[in-house]
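Listed below, chain by chain, are the residues.
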Amino acid sequence: MNGGDFDLVVIGGGSGGLAGAFRAAQHGARVALVEPAALGGTCVNVGCVPKKAMWIAADLAQKADLAARLGFALPEGMPRLDWPAFVAHRQRYIANIHASYHARLDAAGIALLPRRARMLDAGTVECDDGVRLRARQVLLATGGRPKR
């Protein structure tokens, strides 16, 4: 991509950036989304989604223990978690979310640029490879980091 003109350039492919890009495209806007890492942000990649998988595994272990104490016949000893299989399943699940985002971006006609970007001025975004994008509107949806 040699740069181009868009109605909206979104910097950040987390939940906020994706929502903004999809909504603008639904209204006919020409949209570019710039995200250097995996789509979905913290929640999908290292937060909510993996945490929920871990919680479900822990909950199942606790329920298996309770079932054994209540008299349910379980195979020899307590069920054991195959950690590598669990991690592979969790990562496949996250990969499916990424694939869904990519398919939706393609279907909506949103240009995805897997790069870092910075604002040059109110209507110009420059990617780390020198590509410049011009837009009437820029949405900064880069998330945040805690500061101690």
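Basis of the calculations
Residues numbered from 1 in each chain as written. Predicted model: local features only at pLDDT ≥ 70, side-chain atom pairs only at ≥ 80, totals over all residues. Heavy atoms only, no water. Helix = DSSP H or I, 4+ residues; strand = E, 2+ residues; numbered from the N terminus. Rg over C-alpha atoms; globule rule 2.2 N^0.38 Å. Contact = heavy atoms within 4.5 Å. Areas by Shrake-Rupley, 256 points an atom, 1.4 Å probe, with all protein chains shown as cover. Axes fitted to C-alpha atoms, helices over the stretch in contact; angles between N-to-C directions. Left-handed = near helix turned anticlockwise from the far one by under 90°. Salt bridge = Lys/Arg side-chain N within 4 Å of Asp/Glu carboxyl O. Buried < 20%, exposed > 50% of the residue type's maximum accessible area, 1.4 Å probe, protein only. Pairing = 2+ DSSP bridges.

With respect to the overall build of the protein
A tally of helices and strands in the protein yields four helices and six strands. Mapped in sequence order, the helices and strands of the protein form the string β-α-β-α-α-α-β-β-β-β. Whereas a compact globule of 148 residues would reach a radius of gyration of roughly 15 Å, the protein reaches 21 Å, over 25% beyond that. In the protein, the share of contacts with a sequence separation of at least 24, taken over all contacts with a separation of at least 6, comes to 60%. Within the structure as shown, the protein displays about 9900 Å² of accessible surface, and the carbon and sulfur contribution to it stands at 55%.

Concerning the packing of helix α3 (residues 48-69) against helix α4 (residues 83-108)
Between α3 and α4, the shortest axis-to-axis distance is 10 Å and the interhelical angle comes to 145 degrees. The two elements α3 and α4 meet at a crossing, and its hand is right-handed. In this structure, α3 uses Val49, Pro50, Ala53, Met54 and Ala57 to contact α4, whose residues at the interface are Trp83, Phe86, Arg90, Tyr93, Ile94 and Ile97.

A look at the pattern of salt bridges
In total, this model carries eight salt bridges according to the counting rule given. The salt bridge involving aspartate 5 is made with arginine 134; its shortest N-O contact spans 2.9 Å. Taken together, the positions of aspartate 5 in strand β1 (residues 4-11) and arginine 134 in strand β6 (residues 132-140) put the pair 129 residues apart, joining distant regions of the chain. By relative accessible area, which is 48% here, aspartate 5 ends up partly exposed. Residue class for arginine 134 comes out partly exposed when judged on its relative accessible area of 40%. Close ionic contact of glutamate 126 with arginine 118 constitutes a salt bridge, the shortest N to O distance being 2.9 Å. Exposure remark for glutamate 126: the relative accessible area of 14% places this residue in the buried category. A network of salt bridges, in which partner residues are shared, links Asp7, Arg30 and Arg136.

Section: the pairing of strand β2 (residues 31-34)
Side chains of β2 alternate between two faces, with Val31 and Leu33 and Ala32 and Val34 buried alike. When β2 meets strand β3 (residues 111-113), the two strands line up parallel, connected through three bridges. Paired with alanine 32 across the strands is alanine 111, a residue of β3.

Some details on the pairing of strand β4 (residues 117-121)
Note that β4 and strand β5 (residues 124-127) share four bridges and pair antiparallel. Paired with aspartate 121 across the bridge in β5 is threonine 124. A loop of two residues connects β4 with β5, the two strands running antiparallel in sequence.

From the geometry alone we can't say anything about function, so treat these as descriptive.
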